Amino acid sequence: MDTARARGASYADARIVHRREESLTVKTGRLEAAAAGETEGIGIRVIVDGAWGFAATHRLTPGDIDATAARAVRIARASATAIRRPIVLDDRPPAHGTYETPVAEDPFAVALEEKVALLVEADVAMRGAARLAFTEATFAAQRERKVFAATDGSLTDQTITHVGAAIEANAVAGDDHQRRSYPDAGGAWGAAGFEFIRGLDLVGHAARMATEAETLLTAPACPSGSATIILDPSQLYLQVHESCGHPTELDRVFGTEASYAGTSFLTTDKLESGFRYGSDLVTIVADATAAGGLGTFGWDDEGVAAQAVPLVRDGIFSGYLSSRETAPRIGRRSGGAMRADGWNRIPLIRMTNVSLMPVPGMNLDEIVADTDDGLYLASNRSWSIDDRRLNFQFATEIAWEVKGGKLGRMLKNPTYAGITPEFWRSCDAIGDERSWRMLGTPNCGKGEPGQVGHVGHGVSGARFRGVQVGVRGT
Amino acid sequence: MSAAEGISLAEEVLRLAGAAGATDAEAVVLANDSSLTRFANNEIHQNVAETDISVRLRFVAGKRQGVATSGRTDDESLRRLVDTAAAIARSSAELEDGVALPEGDGSLTGEYPSAHAASTASADPERRAEGARAVIAAADEVMATASGSFSTAIERTTIANSRGIRADGERTKAHILTVMMGPDGGTGYAEACAVDVDSMDPPSVGREAAERTRASTSPVATEPGDYPVVLLEYAVVDVLDMLGYLGFSALAVEEGRSFVEVGKRVGSPLVTIRDDGADPAGLPMAYDYEGARKTAVELVAGGVCGGVVYDAATAARVGRTTTGHGLPAPNPWGPFPLNMQLLAGDTPCDELIGGLDRGLLVTRFHYTNPVQPKRAVVTGMTRDGTFLVEGGRIVGPVRNLRYTQSYVDALAGVSAVGSDRKCLVGFLGAIVVPAVRIDSWTFTSATEH
């Protein structure tokens, strides 16, 4: 930072990040992939003449770090040749302190043999229960230690641990390929230790996944038309992610992600006018302090303390995921959502834990019992949404008919589609805290060069009326 | 890092692995220096550079293997790398069919000279800023806002294994793209990718996007349904990406989830899709991440399924040799074609459009995802310039549409292939494609823009 300042930077911050990872994949009885990795480096971000520059290196000698700071300054000067509005940051207080993910059982200390044995046991249980084309059981862990410092005197030291695991059964017949996965498509992830993995009981759910995948091959197809749908948490979390999380990213709103991910329909006039995003039941909060979420931390990657930010309150659009640069443009302070994918990437506005809050009254089973005629959809299989986050279409792995308050026939190839605010306004039931689970995804893509984010979503299941289902293509 | 340093580092890792008891080993050293200047709202808002290295070791102990990677290259870190990979291997279950590594004779496989350009390797932030300013100037001309990126990168890939594989080379890549948004709903897109940054023309990229933005002003709603389409090159990239991802891998065939059956007709006779790492029209690549020399593979020849791509493991399981399409170990996803191309036809782009009685011209697709993977049924949105064509003429812009369409069926409906091609970036690497005309494409809903 001294080098950057000496060369003309009005602001600089630096992150030294060490990341350790481990991943295991058992595929159809064979340990297809077992890997461990570590990476370490420093990323230096500067403002010079009102413009950003960033440079990063894996070389951590003083000379290399100085050279990298100088490179960041040179890059910022090049940026300054094409800016129209100098960077202004909010005035957050300097950040100081340490944060560590609570971990009961260190996932890196558990013997590899034990982790492999767990996956193999689940894999065997799947293949023993049904005729499958292939199976997969995965485990992954990541631990990141990052030290952040800024020219305003900030200094934080955080150690964040994430773990995840999944099983997947695949059945194929002719052109038909059916998949069932547990706990959620892509696996359940949490900020925790190996105790989280033990709690998933992969083996106990293996046979059901296998038989459901096989049964889906001969199941009737999801009907087409307008229907009442109930989304299981394993699908609802991704609905929240795509149709609320992304459009509330303030950088998208300001057009700075237009060339890759797109923009947002939630323009700032909608914040001022009290835009109705959903029904009165819908309250969505971005909470970086929530226990166990992939978006839980002490400070974001520009030193803003973790906090809970309401995005939708009682159905009314009320806030954004924001940064020190974007928040002042709407007269607010940063909500602390700047996160970087390692030492060699700049922080971007990312989701923290964007959660649909539970509504007292009915748990998910009671919502099913309260539904005369509808569909229950679980486990995401496919997702797509337009560049302003309005028109979406999702496919799930499985659906069941709901008749007279009970789950009925299994249906294959379920899809549903809609327009974001119309969809959320049709929500007439949300599960209470008894059904609420913190889920998340470890593969949220954004930015150029590409970054992969770990983000959390708490959901309890919800019901929506008059939704288009069974989209047919060719 | 020089070639000698890369090989020396890889061989040192092999030596340490051998000393630790490896029966076989593979070392992959990836070193890169990459920079990206990003712009939005007609100004540069992000501007980054990184220098990085990773050393990856596949440690084989009999029929077991373990893989470890490290971003550190000091002696202690390399020893820890070997210890970690060895521990994983020894803790792993035996693979029924063992560990397959490609064989070499100890001679060095180098990169194609056409894969590297000194101008790209030396491109500085001032040059990227100049390119960004040129695109922004084109946007200003049509009262549009430009966003996009201009990147340059140099990457050295060094691979050595205990079976005599030695491969080393340096590749460069320059890539520029822009999305423009006009004041009345018009949007446009343009992109260019090349080994040599000197061969790219940022002002023309800007002008192409600006013209499309101007032409797509005030789009009107159109009914979803089945339409004949002309897909510009930017849209065709997604078709090849998805087909490569879902079908052209030997592992997808092995697992029964691919549409590919060798000898089966899936496309019109006009469709030939090839993977060719030697073709300078794309971003050449002489060897894969197992160090095996890439061979050209005819994936679809005149509409008929040809071969699929193999890595060492999938090849060994069917008793053949790798085609040189392996990814870094461990790789549960299988081999992928990273140098795909759709062969050009003989129809100029304006005649592709001229052949549409009533249909849609699509610039590009957005957020595509498979709905039914084995038939390659994909859903996604149109984006950045969708136009109604009547009587062979563009009559005006339309709002974006969602489609749900089998990309395999789309191959069968190809009625004309463009004579010009672009090198573009997909998620499976650089892809060289022309525009195409397709008899029918199923649009399933509309949006408001």
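Residues numbered from 1 in each chain as written. Chains lettered and ligands numbered in written order. Predicted model: local features only at pLDDT ≥ 70, side-chain atom pairs only at ≥ 80, totals over all residues. Heavy atoms only, no water.

J.: Account for the overall build of chain A, with residues named and values stated.
T.: Looking only at helices and strands, one finds ten helices and 23 strands in chain A. Since a compact globule built from 474 residues should have a radius of gyration of about 23 Å, the 23 Å found for chain A is in line with a globular shape. In terms of overall dimensions, chain A has a C-alpha envelope of 70 × 55 × 40 Å along the principal axes. With 474 residues in all, chain A has 66% of them scored as buried. Sequence-distant contacts, at least 24 apart, represent 74% of the contacts inside chain A between residues at least 6 apart. Put simply, chain A shows about 15,500 Å² of open surface, and 51% of that area lies on carbon and sulfur atoms. Chain A carries 50 positive and 60 negative side-chain charges, and their two centres are separated by 4 Å. (Helix = DSSP H or I, 4+ residues; strand = E, 2+ residues; numbered from the N terminus. Rg over C-alpha atoms; globule rule 2.2 N^0.38 Å. Buried < 20%, exposed > 50% of the residue type's maximum accessible area, 1.4 Å probe, protein only. Contact = heavy atoms within 4.5 Å. Areas by Shrake-Rupley, 256 points an atom, 1.4 Å probe, with all protein chains shown as cover. Lys, Arg positive; Asp, Glu negative; His and termini not counted. Charge placed at Lys NZ, Arg CZ, Asp CG, Glu CD.)

J.: Any chance you could break down the overall build of chain B for me, citing the residues and the numbers?
T.: Helix and strand content of chain B: ten helices and 18 strands. In terms of principal-axis extent, the alpha carbons of chain B reach across some 70 × 50 × 35 Å. Each of the 449 residues in chain B was classed as buried or not, and the buried ones make up 65%. Considering only contacts within chain B whose residues lie at least 6 apart along the sequence, 73% involve residues at least 24 apart. Summed over all atoms, the accessible surface of chain B reaches about 14,900 Å², with 49% contributed by carbon and sulfur. Averaged over its 40 positive side-chain charges, chain B has a centre that lies 4 Å from the centre of its 59 negative ones.

J.: Explain the packing of aromatic side chains residue by residue, including any values.
T.: All told, the structure shown has 24 aromatic pairs over all chains when counted by the stated rule. On the numbers, 5.9 Å between centres and 85° between planes, the contact of Phe423 of chain A with Trp424 of chain A is edge-to-face. By the burial criterion, Phe423 of chain A is buried, and Trp424 of chain A matches it. Look at Phe365 of chain B and Tyr403 of chain B: their rings are 4.5 Å apart centre to centre, the planes differ by 45°, and that puts the pair in the tilted class. (Phe/Tyr/Trp six-rings, centres within 6.5 Å; stacked < 30°, edge-to-face > 60°.)

J.: Can you tell me about the side chain of His162 of chain A, naming the residues and giving the values?
T.: Assignment of secondary structure puts His162 of chain A in strand β6 (residues 155–173). Of note is the side chain of His162 of chain A, whose polar atom sits 2.9 Å from the side chain of His454 of chain A. (Polar contact = N/O pair within 3.5 Å; in protein donor to acceptor, adjacent residues only side chain to side chain.)

J.: Describe the nonpolar core, with residues and values.
T.: If you look at the biggest cluster of nonpolar residues, it comprises 84 residues, and the most contacted ones within it are Leu231, Leu243, Ile273, Tyr407 and Trp441 of chain B. Here this core gets nine residues from one element, more than from any other, and that element is helix α6 (residues 233–246) of chain B. Excluding anything up to four places from it in sequence, Leu243 of chain B contacts Phe248, Phe259, Ile273, Ala376, Tyr407, Val408 and Leu411 of chain B. In terms of nonpolar packing, the next biggest core, distinct from the first, is built from 55 residues, Leu238, Cys244, Tyr277 and Val455 of chain A among them. (Core = buried A, V, L, I, M, F, W, Y, C linked by side-chain atoms within 4.5 Å.)

J.: Tell me about the packing of helix α3 (residues 112–129) of chain A against helix α5 (residues 202–216) of chain A, residues and numbers included.
T.: Residues and elements named next belong to chain A. Contact geometry of α3 with α5 gives a least axis separation of 7 Å together with a crossing angle of 30°. In terms of axis orientation, α3 runs roughly parallel to α5. The crossing of α3 and α5 is right-handed. Two secondary-structure elements touch here, α3 through Leu118, Leu119, Glu121, Ala122, Ala125, Met126 and Ala129 and α5 through Leu202, Val203, Ala206, Ala207, Ala210 and Thr211. Classifying every residue of the contact of α3 with α5 gives eleven nonpolar, one polar and one charged. (Axes fitted to C-alpha atoms, helices over the stretch in contact; angles between N-to-C directions. Parallel < 35°, antiparallel > 145°, perpendicular 65-115°, else oblique. Left-handed = near helix turned anticlockwise from the far one by under 90°. Nonpolar A, V, L, I, M, F, W, Y, C, P; charged D, E, K, R; others polar.)

J.: Account for the interface of chain A and chain B, with residues named and values stated.
T.: Opposite the 80 residues of chain A that make contact, chain B presents 83 residues. Taking both sides of the interface into account, the surface hidden between chain A and chain B amounts to around 6,900 Å²; carbon and sulfur atoms contribute 47%. Counting across the interface, chain A meets chain B through 13 salt bridges. Here chain A is connected to chain B by 52 residue pairs in polar contact (both at pLDDT 80 or more). Of all the secondary structure elements, the ones that give two or more residues to the side of chain A that touches chain B are β1 (11–27), β2 (30–48), β3 (51–57), α2 (62–79), α3, β16 (373–385), β17 (391–403) and β19 (415–419) of chain A. For the side of chain A that touches chain B, the element with the most residues is β2 of chain A, which contributes eleven residues. Among the residues making up the side of chain A that touches chain B, the classes are represented as 32 nonpolar, 26 polar and 22 charged. Across four bridges, β3 of chain A lies against strand β2 (residues 43–61) of chain B in parallel orientation. Across the sheet, Phe54 of chain A pairs through a bridge with Val48 of chain B, a residue of β2 of chain B. (Buried area = accessible area lost by both parts, 1.4 Å probe. Salt bridge = Lys/Arg side-chain N within 4 Å of Asp/Glu carboxyl O. Pairing = 2+ DSSP bridges.)

J.: Outline the pairing of strand β13 (residues 358–372) of chain B, listing residues and values.
T.: All names here are of chain B. With twelve of its 15 residues buried, β13 lies for the most part within the structure. In this structure, strand β8 (residues 225–231) lies alongside β13, joined through three bridges in parallel fashion. Bridge pairing links Val230 to Leu361 in β13. The pairing of β13 with strand β14 (residues 377–390) spans eleven bridges and is classified as antiparallel. Paired with Gly359 across the two strands is Val389, which belongs to β14. Counting the residues between successive antiparallel strands, the hairpin from β13 to β14 contains four residues, one of them, Ala376, with a positive phi of roughly 55°.

J.: An account of the pattern of salt bridges is requested, with residue identities and associated values reported.
T.: By the definition in use, this model includes 73 salt bridges over all chains. For the salt bridge of Asp24 of chain B with Arg163 of chain B, the shortest nitrogen-to-oxygen distance reads 2.7 Å. Separated by 139 residues along the polypeptide, Asp24 of chain B in strand β1 (residues 24–40) and Arg163 of chain B in the loop between β5 (145–161) and β6 (166–181) bring together distant segments of the chain. By relative accessible area, which is 27% here, Arg163 of chain B ends up partly exposed. A single salt-bridge network, built from bridges that share partners, covers Arg19, Glu144, Lys146, Asp301 and Asp341 of chain A.

J.: I'd like a rundown of the domain arrangement of chain B, residues and numbers included.
T.: All names here are of chain B. What the domain assignment lists for chain B is domain 1 (3–212) and domain 2 (219–446). Placing a centre on the C-alpha atoms of domain 1 and another on those of domain 2 gives a separation of 23 Å. On the domain 2 side, the residues contacting the 40 residues of domain 1 number 36 residues. Scanning the region where domain 1 abuts domain 2 turns up two salt bridges. Close ionic contact of Glu208 with Lys422 constitutes a salt bridge, the shortest N to O distance being 3.7 Å. Every element with two or more residues in the side of domain 1 that touches domain 2 is listed here: β1, β2, β4 (108–110), β5, β6, β7 (187–194) and α5 (202–215). Top contributing element to the side of domain 1 that touches domain 2 by residue count: β7, with eight residues. For the side of domain 1 that touches domain 2, the per-class residue count stands at 18 nonpolar, nine polar and 13 charged. (Domains from an automatic or database assignment.)

J.: Describe the pairing of strand β17 (residues 414–426) of chain B, with residues and values.
T.: Residue and element names in this part refer to chain B. Two strands pair when backbone bridges link them, and β17 and strand β18 (residues 429–446) are joined in this way by nine bridges, in the antiparallel orientation. Residue pairing for β18: Val414 is matched across the bridge by Ile438. The hairpin formed by β17 and β18 contains two residues between the paired strands.

J.: Lay out the packing of helix α4 (residues 125–141) of chain B against α5 of chain B in plain terms, naming residues and giving numbers.
T.: All names here are of chain B. Where α4 meets α5, the closest approach of the two axes is 8 Å, and the angle between their N-to-C directions is 30°. In terms of orientation, α4 lies roughly parallel with respect to α5. When you trace α4 past α5, the crossing you get is right-handed. Along its contact with α4, which presents Gly131, Ala134, Val135 and Ala138, the element α5 presents Pro202, Pro203, Gly206, Arg207 and Ala210. By residue class, the composition of the contact of α4 with α5 is six nonpolar, two polar and one charged.

J.: Explain the environment of Ser107 of chain B residue by residue, including any values.
T.: Residue and element names in this part refer to chain B. Following the sequence through the fold, Ser107 ends up in the loop between α2 (75–91) and β4. For Ser107, a relative accessible area of 41% puts it in the partly exposed group. In this structure, the C-alpha to C-alpha distance between Ser107 and Gly164, residues 57 residues apart in sequence, is 7.6 Å. If we skip the residues at most four places from it in the chain, Ser107 touches Gly164 and Arg166. Polar contacts involving the side chain of Ser107 include one to the side chain of Asp105, which spans 2.5 Å.

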